[in-house]
Amino acid sequence: MQLWFLDTIRGKREYENLTILNELRQAVTNDEFLLYYQPKIDIRSKEIVGMEALIRWDNPNRGLIFPDKFIPLSEETGLIFPIGEWVLREACLQNKKWIQMGYKPRRVSVNISARQFQYYNFLDIVSNILAETRLRPEYLGLEITETTAISDIEYTIDVLNKLKELGVFVIMDDFGTGYSSLSYLKEMNIDEIKIDRAFIWDIEKNEKNRAISRTIALLAKQFNILVTAEGVETKEQLDILEEIDCDIAQGYYFSKPIPAKEFEKLLD
């Protein structure tokens, strides 16, 4: 009876995944994706210094779908390549538009999956999109996770060096989760690290997380690397981050991710 029940659950999940996959393929063809933007705030001046572009899927039947529901499947199937390229191009186009509208130039950051980063022509894609959109490379930031970065150190160092030759800003996301951070940070051409939100959410009462965040900030300063804390939700967290010398904060305390038109109100 239990085996039958488990098989039924697996069957439903497989059917659901297949359905979503078919809809995801149609979404690529029908241009059903949107970008939302979340501001990155200078902790001292409280000014917006950049924004992170975050994808959403506007499914005609299911409504707005968050990336955790479809990005893993897109990575498994290879759909991450057209989707990731769309995100990169759209973020550059939008940022270029804002600059042309007279807003102060700021950097837009885009998340790059492990499969994208390891793709043989990844550098060509980045270079071509920058040329196509005419966005100056210093106004584009590429975020790779620490886990991706340390999976093949030699390859990562080579690609990061070439991205720096292009003039692109390089950000290491989820910093502190890869267990090899301190060993390799000095070898990688990184401009910014983002302290993983797991160390931020209870930083007010968790002395260990506060100590880890302080150590990361201190280490980054030695290499002239900016430090961003993500997942900031309270003023108390923000005050602690300023005290331990973080540079940038991002989180719901300032704004949730919002559509481009709404984001413009923050830029005014």
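Structure: above.
Predicted model, so just to flag it, every value in this text is computed and none were measured. (Residues numbered from 1 in each chain as written. Predicted model: local features only at pLDDT ≥ 70, side-chain atom pairs only at ≥ 80, totals over all residues. Heavy atoms only, no water.)

K.L.:
Can you walk me through the overall build of the chain in this structure?
P.N.:
When its secondary structure is counted, the chain shows 11 helices and 10 strands. Radius of gyration (C-alpha) of the chain: 19 Å, near the 18 Å computed for a compact globule of 268 residues. By principal-axis analysis of the C-alpha atoms, the chain measures approximately 55 × 50 × 40 Å. Sequence separation of 24 or more characterises 68% of the internal contacts of the chain that already satisfy a separation of 6 or more. Each charge class in the chain can be summarised by its mean position, and for the 33 positive and 44 negative side chains these summaries are 3 Å apart. (Helix = DSSP H or I, 4+ residues; strand = E, 2+ residues; numbered from the N terminus. Rg over C-alpha atoms; globule rule 2.2 N^0.38 Å. Contact = heavy atoms within 4.5 Å. Lys, Arg positive; Asp, Glu negative; His and termini not counted. Charge placed at Lys NZ, Arg CZ, Asp CG, Glu CD.)

K.L.:
How should the pairing of strand S1 (residues 33-42) be read in this particular structure?
P.N.:
For a regular strand, side chains alternate in direction, first toward one face of the sheet and then toward the other. With respect to burial, S1 is a largely interior element, 8 of its 10 residues being buried. One ladder, built from 9 bridges, connects S1 with strand S2 (residues 48-59); its direction is antiparallel. Looking across to S2, one finds that phenylalanine 33 is bridged to tryptophan 57. Hairpin connection between S1 and S2: a loop of 5 residues separates the two successive antiparallel strands, and lysine 46 in this loop has a positive phi of roughly 65°. One ladder, built from 2 bridges, connects S1 with strand S10 (residues 258-259); its direction is antiparallel. Bridge assignment links tyrosine 36 to a residue of S10, and that residue is proline 259. As paired elements, S1 and strand S9 (residues 248-250) share 2 bridges and run antiparallel to each other. (Buried < 20%, exposed > 50% of the residue type's maximum accessible area, 1.4 Å probe, protein only. Pairing = 2+ DSSP bridges.)

K.L.:
Honestly, the packing of helix H5 (residues 122-133) against helix H7 (residues 153-166) in this entry has me stumped. Any pointers?
P.N.:
Packed helices, taken two at a time, are described by their axes: the angle between them and the distance between them. Contact geometry for H5 and H7: axes closest at 11 Å, N-to-C directions at 15°. Comparing the axis directions of H5 and H7 gives the class roughly parallel. Of the two possible hands of crossing, H5 and H7 adopt the one that is right-handed. For the pair formed by H5 and H7, the contact residues are Phe122, Leu123, Val126 and Ser127 on the first element and Val159, Lys162, Leu163 and Leu166 on the second. By residue class, the composition of the contact of H5 with H7 is 6 nonpolar, 1 polar and 1 charged. (Axes fitted to C-alpha atoms, helices over the stretch in contact; angles between N-to-C directions. Parallel < 35°, antiparallel > 145°, perpendicular 65-115°, else oblique. Left-handed = near helix turned anticlockwise from the far one by under 90°. Nonpolar A, V, L, I, M, F, W, Y, C, P; charged D, E, K, R; others polar.)

K.L.:
Sorry, what's going on with the nonpolar core here?
P.N.:
Side chains of nonpolar character tend, in soluble globular proteins, to be buried together. In this structure, Tyr37, Val110, Val126, Leu140, Leu142, Ile193 and Leu241 are the most contacted members of the largest nonpolar core, which totals 76 residues. The biggest single contributor to this core is helix H3 (residues 80-100), with 7 residues. In contact with leucine 241, not counting residues within four places along its chain, are Ile43, Ile200, Ile203, Ala229, Val232 and Cys246. (Core = buried A, V, L, I, M, F, W, Y, C linked by side-chain atoms within 4.5 Å.)

K.L.:
Just to check I follow, could you spell out the packing of H3 against H5 for this structure?
P.N.:
Closest axis-to-axis distance for the H3/H5 pair is 10 Å, and the angle between their directions is 30°. It follows from the interaxial angle that H3 and H5 lie roughly parallel. In the crossing of H3 with H5, the sense of the turn from one axis to the other is right-handed. From H3, Glu85, Leu88, Arg89, Cys92, Leu93 and Lys96 reach across to H5, where they touch Ile125, Val126, Ile129, Leu130, Glu132 and Thr133. Of the residues in the contact of H3 with H5, the class split is 7 nonpolar, 1 polar and 4 charged.

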